[in-house]
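Observations on the model geometry
Single-letter residue listing:
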Amino acid sequence: MAGLHGERFDRLTHAYRCFLAGSCPSQSAAEVAGVVFSGVRGPAELPGHDSACARAGARCREGSAELTCVSVTLVGIVTSLTSEGQPAELVRYCRDTLAVLFQDLDLMTQLVHHFQTEDQIISHLAAKSVSTYVVHHLLESICTNFQATVSPVWQQKCVQAFHSSSPGQELDGCLWSLTDVLKRLLQAAHQEILGKIVAAFEPSLRALCSKFLPEEKQRGMDFTSCDRWGTTFCLLLDLLEALAASSVICGAGLKSPRLVHIHSSALLTTISCSPEYFVKKRALLLLKRAVLQKAGEDWASGEVLSAGRRHEHFSTDMNKLAQTVLTAVAADWLQSVQVESASFFGGNKHSDGGQKPDCVMLRAVSLLILKSTELHIQAPGITGVDSAPDVYGYLQSLWGFLRQCSVHLMEVKHLCSWVSLLFGEQDDDMMEAAKASLFIFLHHRLCSGLDDIAESEAACVSGCNPHCHFLFLLQSVSFDHSILLDFLISSETCFLEYFVRYLKYLKADWQGFTAACERVTKSRCHVSLQESFTFSCAGDMPALTYTGEPDQVEFSSCVQPSGFIPPADRISLVAGLPLVEYDSSDESDAGSMEISEDEPGPSVCEKSKCPAFYVKQKTFEARQKQHESSDSAGLLSEPTSTVKRRPDGLSLPMLQSKQRLCTHMAPLSGQVTLARALTCLSELRQVVTRLQTKKLFPYNPSSLLKLMAHVENCSQQSPVSLFNK
């Protein structure tokens, strides 16, 4: 028996090495197919060898499992080698091998039989090879018969499992293989084939969801006591995400792509009642992607998802999802959401002995509620004063949940800082949260009937003031305009949409922006009263050193390389490392830029785990060299203060009096924040203008530049001196 195993293994190994090298094995296609089939079927199926295997015991079983793994893997390799780009002779050889395996020997029956084997490795490899061949067969049938043909053996196996199987290996293999087929078709944007696959499984998928996600808990079957329930349920969630992503291609007429929205209430129940924490988390992340309309973004082509059309039930489904979430929030659903401590390489404790909450869960819950509230506002018939109190009520419920789960958020005095504190490590989520909060605020402002001052105060109480959010965003990137430029160019975040909408509001409420500068600075001083920190007011200004006392301020004549950086335990500050020195783009040629009109998608920078103060260090060093001729000490020794006009027309104070700063700390702090924000916006406008002039910007920024120019005009028409008090 050992000799038979060894001979087969050697022949399979020879074929495997030849395929990897891009050449045909010395054996014929029929001979290779026979060896592969024998390995997949296993020696237990061969007559005359059962007693030998029984006598050999564990060694024989291990050898058989190894032989099966190699054979099943080889099926997937042979299938993948039939694609374009391979040598014609090799493609022909692999096609002949597949024809013998699946047409003459009916290998598909043997492969799907392995779905229910106890060996999880064999089961998974079988599912992987099946999905690879199913996609190959679909594409081949289109080319030969002009009609997509689904493998009947595989389809029958999956339909049977979806209707009758309980959680286990067989159902897991069917779920995984169907999900993988959908993902492959989505990545290739095969609309007709994808629609045919979804339609073929429509009834069975609805039956499956009615078992695992019943509308009413008592109507469904309780599988939570099964050992493999958690694994099977997560595979079902993966399938639901693939189906949701397919909705942009399949269009209307099918309910399967809408199952996430249809069963949203059951998913919320799973989040609150599931005994497995990882199941709760996966279900919550699925709902988050659904409400953000980002299902499948991790593996599907962005172009495919963005170019797809919305089906006729899209708005209804999104409104239903939002209403379901908000109804649950009103019914104290948040109190049942479990948030465990964050895990760190298998543990949940930091080196200092403290514990931090799972911020992935906190961010997902926050975005789910924020976006649901935004969708609720946009729904037809939701207008007028009646909806205004409810909107902020949902935010208050969210804020209570966050404070209950996080000690660090509990210490926050200015509620508007929660967006940057919670989302500081996730740019895309932070922009989505800021955009949704801005939309909620604008709706409340329109419906509440309050004046601007009262509305701003109410917004701060609810943590929803857009001015504060924008200022905290600027502080989190150290007022670095190049990072904002990266956001504008990148397609990974919705910053452009958020930025344009905010600038429109900023034009109409300049007074609120200046007041927010004061509030944000005071909140920073409050949380940092026991700490020392240094920040520079602008690139051309001396550094202001705050020593921890509200009445003591000192100047340093050297230019500091960073802005204020919040403590590490409050926010993790990372910034992009630009590949282009934007401040010197006037002197650079077009070839040195990483932006192209022909390639509008890629960002100009790559995200890196580099602190913002390190990113800005070289820029500040260059600016410092430009000002070496000026006597900083002399400026500081002057008893009077002046205001210098910058070339771009923005008035920025040149601080020249140490004594007067000590006595005017309160007005100074807010004005420093205001000056830095204006400097950042002005520098951003200049860079965008230069790139547009050189035709290096990936889209037309004319409207954006007009808005930014209006903002600068507002600042010049309402000048506020640092020393007018």
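Residues numbered from 1 in each chain as written. Predicted model: local features only at pLDDT ≥ 70, side-chain atom pairs only at ≥ 80, totals over all residues. Heavy atoms only, no water.

A count of helices and strands for the chain gives 32 helices and seven strands. Residues counted as buried form 53% of the 725 residues belonging to the chain. Within the chain, contacts between residues separated by at least 24 positions form 75% of all contacts whose residues are at least 6 apart in sequence. (Helix = DSSP H or I, 4+ residues; strand = E, 2+ residues; numbered from the N terminus. Buried < 20%, exposed > 50% of the residue type's maximum accessible area, 1.4 Å probe, protein only. Contact = heavy atoms within 4.5 Å.)

For the rest of this paragraph, the subject is helix α8 (residues 152–164). Helix length check: α8 (13 residues) gives 18 Å between terminal C-alpha atoms against 18 Å at 1.5 Å per residue, within 8%. Trp-154, Lys-157, Cys-158, Ala-161 and Phe-162 are the residues of α8 that are buried. Take α8 and look down its axis: the buried residues cluster within an arc of 125 degrees, on one side only. The exposed set on the far side of α8, more than 90 degrees from its buried face, consists of Pro-152, Gln-156 and Ser-164. Buried residues belonging to α8 abut α6 (107–113), α7 (120–145), α9 (169–188), α10 (191–200) and α11 (202–212). (Expected span 1.5 Å × (residues − 1). Arc of directions from axis to C-beta.)

A few words on the environment of Ser-141. With respect to the helices and strands, Ser-141 occurs in helix α7. When residues no more than four places from it in sequence are discounted, the contact partners of Ser-141 are Phe-146, Gln-147, Ala-148 and Thr-149. A distance of 2.7 Å separates a polar atom in the side chain of Ser-141 from the backbone oxygen of Leu-138. Separated by 2.9 Å, the side chain of Ser-141 and the backbone nitrogen of Thr-149 make a polar contact. (Polar contact = N/O pair within 3.5 Å; in protein donor to acceptor, adjacent residues only side chain to side chain.)

The residue Asp-106 is not glycine, and still its phi comes out positive at about 55 degrees. Of note, Asp-106 is situated in the loop between α5 (88–104) and α6. The exposure class of Asp-106 is partly exposed, given its relative accessible area of 33%. Phi is positive for Lys-695, close to 60 degrees, though the residue is something other than glycine. With respect to the secondary-structure elements, Lys-695 resides in the loop between α31 (665–693) and α32 (702–717). Its relative accessible area of 58% is what places Lys-695 among the exposed residues.

This paragraph deals with the packing of α10 against helix α12 (residues 229–250). The geometry of α10 relative to α12 is characterised by a closest axis approach of 9 Å and an angle of 125 degrees between their N-to-C directions. Taken as axis vectors, α10 and α12 run oblique relative to one another. As for how α10 packs across α12, the hand of that crossing is left-handed. Facing α10, whose interface residues are Gln-191, Leu-194, Gly-195 and Val-198, α12 presents Leu-243, Ser-246, Ile-249 and Cys-250. Residue composition of the contact of α10 with α12, by class: five nonpolar, three polar and no charged. (Axes fitted to C-alpha atoms, helices over the stretch in contact; angles between N-to-C directions. Parallel < 35°, antiparallel > 145°, perpendicular 65-115°, else oblique. Left-handed = near helix turned anticlockwise from the far one by under 90°. Nonpolar A, V, L, I, M, F, W, Y, C, P; charged D, E, K, R; others polar.)

Between the first and last C-alpha of helix α18 (residues 359–378) there are 28 Å, a value that for 20 residues agrees with the 28 Å anticipated at 1.5 Å per step. The buried fraction of α18 amounts to 17 of the 20 residues, a majority that puts the element mostly inside the structure. The opening residue of α18 is Asp-358, an N-cap whose side-chain oxygen sits 3.2 Å from the backbone nitrogen of Val-360.

Moving on, we get to the packing of aromatic side chains. A complete count under the given rule lists 16 aromatic pairs for this structure. Plain terms: the ring middles of Phe-102 and Tyr-133 are 3.6 Å apart, the flat faces sit at 5 degrees to each other, and that makes the pair stacked. Separated by 31 residues along the polypeptide, Phe-102 in helix α5 and Tyr-133 in helix α7 bring together distant segments of the chain. Given a relative accessible area of 10%, Phe-102 falls into the buried group. Taking 5.5 Å as the distance between ring centres and 50 degrees as the angle between the ring planes, the aromatic pair formed by Phe-487 and Phe-495 counts as tilted. (Phe/Tyr/Trp six-rings, centres within 6.5 Å; stacked < 30°, edge-to-face > 60°.)

A word on the environment of Gly-393. Among the secondary structure elements, Gly-393 is positioned in helix α19 (residues 387–405). Residue classification places Gly-393 among the partly exposed positions, given a relative accessible area of 29%. Remark: the alpha-carbon pair of Gly-393 and Val-329, spanning 64 residues in sequence, is separated by 9.9 Å.

Let us look at the packing of helix α15 (residues 277–291) against α18. The geometry of a pair of packed helices is captured by two quantities: the angle between their axes and the separation between those axes. Viewed as axis vectors pointing N to C, α15 and α18 meet at an angle of 35 degrees, and their least axial separation amounts to 9 Å. As α15 runs across α18, the sense of the crossing is left-handed. Contacts from Tyr-277, Lys-281, Leu-284, Leu-285, Leu-287, Lys-288 and Val-291 of α15 reach α18 at Val-360, Met-361, Ala-364, Val-365, Leu-367, Leu-368, Lys-371, Ser-372 and Leu-375. In terms of residue class, the contact of α15 with α18 is made up of twelve nonpolar, one polar and three charged.

Here we take up the side chain of Glu-455. Within the secondary structure, Glu-455 is located in helix α23 (residues 452–461). Among buried charged residues, Glu-455 stands out as having no salt bridge; its nearest opposite-charge side chain is Arg-445, 6.9 Å away. Polar contacts involving the side chain of Glu-455 include one to the side chain of Tyr-392, which spans 3.4 Å. (Lys, Arg positive; Asp, Glu negative; His and termini not counted. Salt bridge = Lys/Arg side-chain N within 4 Å of Asp/Glu carboxyl O.)

We now examine the state of the cysteines. A complete count under the given rule lists zero disulfides for this structure. Summary of cysteine pairing: Cys-460 is not part of a disulfide, and the nearest cysteine sulfur, belonging to Cys-468, is at 3.9 Å. Residue class for Cys-460 comes out buried when judged on its relative accessible area of 12%. (Disulfide = S-S within 2.5 Å.)

In this section: the pattern of salt bridges. Per the counting criterion, the structure on display carries 17 salt bridges. The partner of Arg-289 in a salt bridge is Glu-241, with the nearest N and O atoms 3.5 Å apart. Of this pair, Arg-289 sits in helix α15 while Glu-241 is found in helix α12, placing the two residues 48 residues apart along the sequence. Salt bridges here are not isolated pairs; linked through shared partners, they connect Lys-294, Lys-371, Glu-374 and Glu-432.

On their own, these measurements won't tell you what the molecule is for.
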